[in-house]
Amino acid sequence: MSAPDPELIQIFEEEARDLLAQLQRALLQLEGAPGSAPRTDLLRLIFRLAHTIKGSAATVERNDLAQIAHELESCLEEVRSGTLEPTAELTSAALAAVDVLVEGVSAPLTGEQVTLAGAALKRARGMAAPGAVAAAVPAEPGPAKRKRSERQSAFDALVGSLLEAVSRLSKDPAVGMAEVLEVVAALVASATDRPVSARVIAAMHAAFEGVDFTARADRDQIEAAFLAADLLYADLGGQASEEEAEAVGRKLQSLQVRPPRASAPIPAPSRPERRAPQLQPQVDGGAVKVPVALLDSILYRLDELVAAKLRIDYQRKQIEDAQEALDQGVARARAGTSELMHEVEAHRRKLEFVRGDLTQEAHNLGMVAHGLQEDVKDVRMVPIGPILDPLRRMVRDLASSLDKQAALEVSGETVRVDKRLLELIRDPLTHLLRNAVDHGIERPDVRAANGKPVMGTIRVSAEARDSQVQIEIKDDGRGIRADDIRAAAVAKGLIEPERAAALSPREALNLIFAAGFTTAAELTSVSGRGVGLDVVRENVARLGGRIEFFTEPGKGTQFNLNLPLTLTASRGLLVIAGKHPFCIPLAAVEEVIAVELAEIGAANGRLAVQWRRQAVTFVRLSDLLAGKPSGRPPNRCPAVILAVSDRRLALGVDELVGQEEVVVKGLAAGTPTLAFVSGATSLADGRLVTVLEPNALVIAATSRNAVVERPGATAARTVLVADDSLTSRTMVASVLERAGYRTFLAHDGEAAFTLLSQEAISLVVSDVEMPVLDGLGLVRRMRASERFARVPVLLLTSLDAALDRARGAEAGANGYLVKHSFDPGAFLTLVSQLVGSKEAR
Amino acid sequence: MSTPPSHQRFNAVPADELQVLKDRARELARKPAQQQTGDEIELLELHSRGQRFALPLSAIEGIVQLTSVAFVPQAPAYVRGLVSFRGELMIGIELSAFAGGAESGFADLQRVVAISAGGARLALLTEKVVSVRSAATTTFHPDPAWQRPYVVGTDKDFVTLLEPSALITHAFNALRPAT
């Protein structure tokens, strides 16, 4: 017997999980369904779901699941017929059966599990008989009509035979369709007054006519045969619908194969769908499940696409510059030979065409990349409803176990958030709801005594606001008393009694976020992780969000989670610190203020500034990142007020650049965590910028000692570093800055000369080989300029020949160093001498 | 009779002699037989600050131009920053500073060579990528005065062969906080 295709099994598993989730939701709704109409619709839905699960399970030879699904059907038949009411006990038994099915999707159930699930359902139905559950494919059809003609009994028996034949076929496809076809033929010959059965039999007959009954049956034939047989069986009990018959008919129709004819070439049969319609993932406008990791990869590659577009833009600009130079050359050579002029003009026109084409291509590329980016970002957004659904069940079950009554009401289920975010907030949400049931909702007698409805209500609502989603968890329970928290914190040894007494009511309430403020019950119930609200707060902060709560004793408590809608694109604040650009997630930025040096005081052993009437720890970002003072602080600097949970930090930066929408890339798998770094992002100009982790910044700043301004710091001297190599520029600049120099950077001689005109430069350190204007050209131009003639120039180059040194001296350079033997100490000594020489003049 | 042009002279060669010439040409065109040794591998050779390094080609994910580096605070000097390799963010280390022990001078880093081993990935920043060639690992001899877990050895041309997995492990270990 061949095992089912692993791919088919995977499809079944995915479908089964979806169906079981729907089944659970429907059962919960059935329990509280008010009138007959909603109940009837729910029962119909439940039947269809259980029926589909049973059929799908049987197809992949999961008879254990099919058995339980069949028992569930039978149980709810009595509800449908009015024999049983959908009581809490019955619903619980049905939900327990669903739980077993959920567990069984991933791994086969034991016989005991199947028996117990079936027995629970039987008990709920009031059946006394213990023992094994009836077979999933009963030999006798049932529940049967009370009066049945002999002809109908014969038909029913044939249906039973068909089920047996299909079951044997599914176990061993090699036996071929012979037996099935024989029974189908018999069914055709029989008569039935059931329209659904008649339709299905006709479809089977048409589908299997001409089939080679000696050949091994293929998967689609087996699936179709089973679905048809199963529907016939369901129709015996009046449980088949026209819609189901239509679906099975379509499935059978897709199998129809023209029999081979001797006189014509045998046409290749149209290849049927490899997946049965009922085994496809839940169709929702043709949706397909895509791993989030794949979406991440696509998004990052799109980011590179955008970067490539920016590089094309830059190259286009270079062509424009070349064109301009060519035009100037043409103008100068206009007095030359006409033949040369013609040739140059031809090249100029050609360059113009190329530039135009490149501009258009870059524009198109940008449009396509942007569109793809938006589409992929959109794919990641999923409605928040699916994670809230299972929580209904959790609330109900937990309340029941505590002899309480509580129901979860949900609104805003259609709000769409990042799928990764959805997965990450599941635990915090679950914890908050458990707290609401455990500590918030009172027992029924207490609620009644306080004039409240016996059934406690917990409302979860989600609302999208700009780029954030706010999730509210509100209960109508007992609320939280500050004195109770105070006493509990003292009892747990978290705080001294005297200090606890001195806390304001708000401060006392915030103790619920203190580490260790958990009860023994919580340690065991929340997946054994022993998490408390401190971990919830930290997890929310890590997602770039915030948690706050409000409470009114006797009335209830409300927790608000503010989270970014998407973890991919977010807004970032770009700053410069220590000459390096950084991005700070805007979600953590409360405000940006200007800080004067004179305003910086000290509080709690740390530097601090006043912000909204409170002392907020102040630290320069460059100091924090370097782990030590990095230079004399300026008289005035912008400061970013970071907010992480209830902690605040004033982060002094050198410069504010602005806000940008950023896609934060995390580090490749396996890479160690870097201090203060959550990732990096590519800016619009293509530069890669480090994204800082606000939580790490706040923790580091509030746990370190006060930063003392280093006395006698080297007075700032300004050095211009010109080099077309990014790494060379950065290396030289960092050496100079560590020595207390202020630096400006240029990527070629032309840019360097422009900077000279704009800033007061003490020394120029320049490479020789640079585009546009090389180092020697820069020196000569400076020497020819009255304004810059006396600014010292130190050439730093890879050219080591004596002739190169001579050229440097001839051009007017004051020093010459070779890169490959670069020594920072010797370099700084020379720099100091040269800067000093300028100072001396 | 004038001498025919050189390209036409072969027309007069007898067929059997022409066949010999063809056979000889075919023989010359045949690649020399590879000396199949069990320890021969394909290597990618890199240059950085005048030093030559080699890495097994199997560990190379790809090579791209270095366009931008994002600063990493409190990192060792050989960590030049974060680089993007085909959309994936990696730590970029300067090969000569880390593996070559170069303490003076600096390199014009132009290339990002992404390597992977054991599920971890690292970007090596280097001046230039020189060649791909085959070499027997037995030609690389350890230097007792320069023993590093990620250095397999040096050959007669002073090319240092590096072991990618150990290179990544040690580069990452140096980044992890001391316990």
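Rules behind the numbers
Residues numbered from 1 in each chain as written. Chains lettered and ligands numbered in written order. Predicted model: local features only at pLDDT ≥ 70, side-chain atom pairs only at ≥ 80, totals over all residues. Heavy atoms only, no water. Helix = DSSP H or I, 4+ residues; strand = E, 2+ residues; numbered from the N terminus. Buried < 20%, exposed > 50% of the residue type's maximum accessible area, 1.4 Å probe, protein only. Contact = heavy atoms within 4.5 Å. Areas by Shrake-Rupley, 256 points an atom, 1.4 Å probe, with all protein chains shown as cover. Buried area = accessible area lost by both parts, 1.4 Å probe. Salt bridge = Lys/Arg side-chain N within 4 Å of Asp/Glu carboxyl O. Nonpolar A, V, L, I, M, F, W, Y, C, P; charged D, E, K, R; others polar. Expected span 1.5 Å × (residues − 1). Arc of directions from axis to C-beta. Pairing = 2+ DSSP bridges. Axes fitted to C-alpha atoms, helices over the stretch in contact; angles between N-to-C directions. Polar contact = N/O pair within 3.5 Å; in protein donor to acceptor, adjacent residues only side chain to side chain. Phe/Tyr/Trp six-rings, centres within 6.5 Å; stacked < 30°, edge-to-face > 60°. Lys NZ or Arg CZ within 6 Å of the ring centre and 35° of its normal. Patch = residues over 30% accessible without salt bridge, like charges linked within 9 Å, V, L, I, M, F, W, Y side chains within 5 Å. Core = buried A, V, L, I, M, F, W, Y, C linked by side-chain atoms within 4.5 Å. Parallel < 35°, antiparallel > 145°, perpendicular 65-115°, else oblique. Left-handed = near helix turned anticlockwise from the far one by under 90°.

Sorry, what's going on with the overall build of chain B here?
Within chain B, the secondary structure is distributed over four helices and ten strands. When the helices and strands of chain B are read in sequence order from the N terminus, they spell out α-α-β-β-β-β-β-α-β-β-β-β-β-α. In chain B, which comprises 179 residues, the share counted as buried stands at 42%. Pairs at least 24 residues apart make up 59% of the contacts formed inside chain B by residues separated by at least 6 positions. Total accessible area on chain B is roughly 9,900 Å²; 52% of this is exposed by carbon and sulfur atoms.

Where do I start with the overall build of chain A in this structure?
Each helix and strand in chain A was counted, giving 27 helices and 23 strands. Long-range pairs, those at least 24 residues apart, make up 69% of the contacts in chain A between residues at least 6 apart in sequence. Of the roughly 40,900 Å² of accessible surface on chain A, a fraction of 53% belongs to carbon and sulfur atoms.

Whenever I open this one, the interface of chain B and chain A confuses me. Can you help?
Size of an interface: often given as the accessible area lost when the parts come together. In this assembly, 31 residues from chain B lie in contact with 40 residues from chain A. Taken together, both faces of the contact between chain B and chain A bury some 2,900 Å²; the carbon and sulfur share is 64%. At the surface where chain B touches chain A, the tally comes to zero salt bridges. Across the side of chain B that touches chain A, the residue classes break down as 17 nonpolar, eight polar and six charged.

Just to check I follow, could you spell out helix α8 (residues 195-208) of chain A for this structure?
Because each turn of an α-helix spans 3.6 residues, side chains separated by three or four positions end up pointing in the same direction. Residues and elements named next belong to chain A. Taking 1.5 Å of rise per residue, 14 residues should cover 20 Å, and α8 covers 20 Å from first to last C-alpha, within 8% of that figure. The complete set of buried residues in α8 reads Val196, Ser197, Val200, Ile201, Ala203, Met204, Ala207 and Phe208. Projected down its long axis, α8 shows its buried positions confined to an angular sector of 160 degrees, all on one face.

Mind showing me how you'd approach the pattern of salt bridges here?
Side-chain pairs of opposite charge can arise where the charged atoms are in close proximity. One pass over the full model with this rule turns up 34 salt bridges over all chains. Of the charged contacts in the structure, one is a salt bridge between Arg80 of chain B and Glu94 of chain B, with a shortest N-O distance of 2.5 Å. On the criterion of sequence distance, the pair formed by Arg80 of chain B in strand β4 (residues 79-85) and Glu94 of chain B in strand β5 (residues 88-94) is long-range, its members being 14 residues apart. For the pair shown, Arg80 of chain B and Glu94 of chain B are each scored as buried. Beyond isolated ion pairs, a larger network of salt bridges with shared partners links Asp99, Arg393, Arg396 and Asp397 of chain A.

I'm lost on the sheet that holds strand β4 (residues 456-465) of chain A in this one. Help?
Adjacent strands of a sheet form backbone hydrogen bonds with each other and so pair up, either parallel or antiparallel. All names here are of chain A. An order of β2-β4-β5-β7-β6 is seen for the five strands of this open sheet, with the pairing classed as mixed. Edge positions in the open sheet fall to β2 (406-411) and β6 (546-552), since each of these has one partner strand only. The sheet shows a mean angle of 15 degrees between the axes of neighbouring strands, direction not considered. Relative to β4, β2 is paired through six bridges, and the arrangement is parallel. Along β4, the bridge assignment pairs Ala406 with Gly456. Contacts from helix α13 (residues 385-401) reach β2 and β4 within the one sheet, and its direction differs from that of β2 by about 165 degrees. Across the sheet, helix α14 (residues 419-440) touches β2, β4, β5 (468-475), β6 and β7 (556-564), and the angle it forms with β5 is around 20 degrees.

Where do I start with the side chain of Gln323 of chain A in this structure?
All names here are of chain A. Looking at the secondary structure, you find Gln323 in helix α11 (residues 292-333). The buried category is assigned to Gln323, whose relative accessible area is 6%. At a separation of 3.0 Å, a polar atom in the side chain of Gln323 contacts the side chain of Arg355. With residues near it in sequence (within four places) discarded, Gln323 still touches Arg348, Leu351, Glu352 and Arg355.

I keep staring at unusual backbone geometry and nothing clicks. Help me out?
Residue and element names in this part refer to chain A. With phi around 55 degrees, Asp403 is a residue other than glycine that occupies positive phi space. Secondary-structure assignment places Asp403 in the loop between α13 and β2. Residue classification places Asp403 among the exposed positions, given a relative accessible area of 52%. For Arg612, which is not glycine, the phi dihedral falls at a positive 50 degrees. Along the chain, Arg612 turns up in the loop between β12 (606-611) and β13 (614-620).

So what exactly am I meant to see when it comes to the sheet that holds strand β22 (residues 793-797) of chain A here?
All names here are of chain A. One open sheet accounts for five strands, arranged β20-β19-β21-β22-β23; its pairing is parallel. Every other strand in the sheet has two partners, leaving β20 (742-746) and β23 (815-818) as the edge strands with one partner each. Mean inter-strand twist for the sheet, computed between neighbouring axes without regard to direction, equals 20 degrees. Two elements, strand β19 (residues 718-722) and strand β21 (residues 763-766), share four bridges in a ladder whose sense is parallel. Paired with Val719 across the strands is Leu763, a residue of β21. Where helix α23 (residues 726-738) meets the sheet, its contacts fall on β19, β20, β21 and β22, and the angle it forms with β20 comes to roughly 170 degrees. Sheet strands touched by helix α25 (residues 775-784): β21 and β22. Its angle to β22, the strand with the most contacts, is close to 175 degrees.

Before we go on, may I ask you to explain the packing of aromatic side chains in this structure?
In this description, a pair of aromatic rings is defined by centroid distance and the angle of the planes. Counted by the stated rule, this structure contains seven aromatic pairs over all chains. Aromatic side chains Phe582 of chain A and Phe71 of chain B sit 6.0 Å apart centroid to centroid with 70 degrees between the ring planes, which places their arrangement in the edge-to-face category. Here Phe582 of chain A, found in strand β9 (residues 580-585), pairs with Phe71 of chain B, found in the loop between β3 (60-65) and β4, and the two come from separate chains. For Phe582 of chain A, a relative accessible area of 1% translates into the label buried. Cluster of aromatic residues (ring-pair linked, three or more members): Phe513, Phe549 and Phe559 of chain A. Across from the ring centre of Phe549 of chain A, 4.5 Å away, lies the NZ or CZ of Arg506 of chain A, which sits over that ring. Here the guanidinium or amino end of Arg781 of chain A rests over the ring plane of Phe753 of chain A, the centre of that ring lying 5.1 Å away.

Explain the pairing of β6 of chain A here, please?
Remember that side chains alternate between the two faces of the sheet whenever the strand is regular. All names here are of chain A. Here β6 pairs with β7 via seven bridges, running antiparallel. From the neighbouring strand, Thr551 faces β7, where its bridge partner is Thr557. Counted along the chain from β6 to the antiparallel partner β7, the turn is three residues long, and its residue Gly554 has a positive phi close to 85 degrees.

Can you help me understand a nonpolar patch on the surface in this one?
On the surface, Val290, Leu294 and Ile298 of chain A cluster together to form a nonpolar patch covering roughly 210 Å² of accessible area. Within the secondary structure layout, Val290 of chain A lies in the loop between α10 (242-253) and α11.

Just to check I follow, could you spell out the nonpolar core for this structure?
Nonpolar side chains in soluble globular proteins generally cluster together in the buried interior. Residues and elements named next belong to chain A. Counting 80 residues, the largest nonpolar core has Leu23, Leu76, Leu162, Leu187, Met204, Phe208 and Leu252 as the members making the most contacts within it. Take this core: its biggest share by element is twelve residues, from helix α9 (residues 219-236). Residues within four places of Leu23 in sequence aside, it is in contact with Ile46, Leu49, Ile53, Leu72 and Val98. If you look at the next biggest cluster of nonpolar residues, it comprises 52 residues, including Val395, Val415, Phe513 and Phe559.

For this particular structure, what's the right way to read α9 of chain A?
Residue and element names in this part refer to chain A. The terminal C-alpha atoms of α9, which comprises 18 residues, lie 26 Å apart, in line with the 26 Å expected from a rise of 1.5 Å per residue. Among the 18 residues in α9, 17 count as buried, and that is most of the element. Gly238 sits one or two residues past α9 and shows a positive phi near 70 degrees.

Explain the packing of helix α3 (residues 63-80) of chain A against helix α4 (residues 88-106) of chain A here, please?
Angle between the axes and distance between the axes: these two values describe a pair of packed helices. Residues and elements named next belong to chain A. It is the contact of α3 with α4, at a shortest axis distance of 10 Å, that shows an interaxial angle of 160 degrees. The angle between the axes of α3 and α4 places the two elements in the roughly antiparallel class. As for how α3 packs across α4, the hand of that crossing is left-handed. On α4, the residues touching Leu65, Ile68, Ala69, Leu72, Cys75 and Val79 of α3 are Leu90, Ala94, Ala97, Val98, Val100, Leu101, Gly104 and Val105. The residue inventory of the contact of α3 with α4, partitioned by class, reads 13 nonpolar, one polar and no charged.

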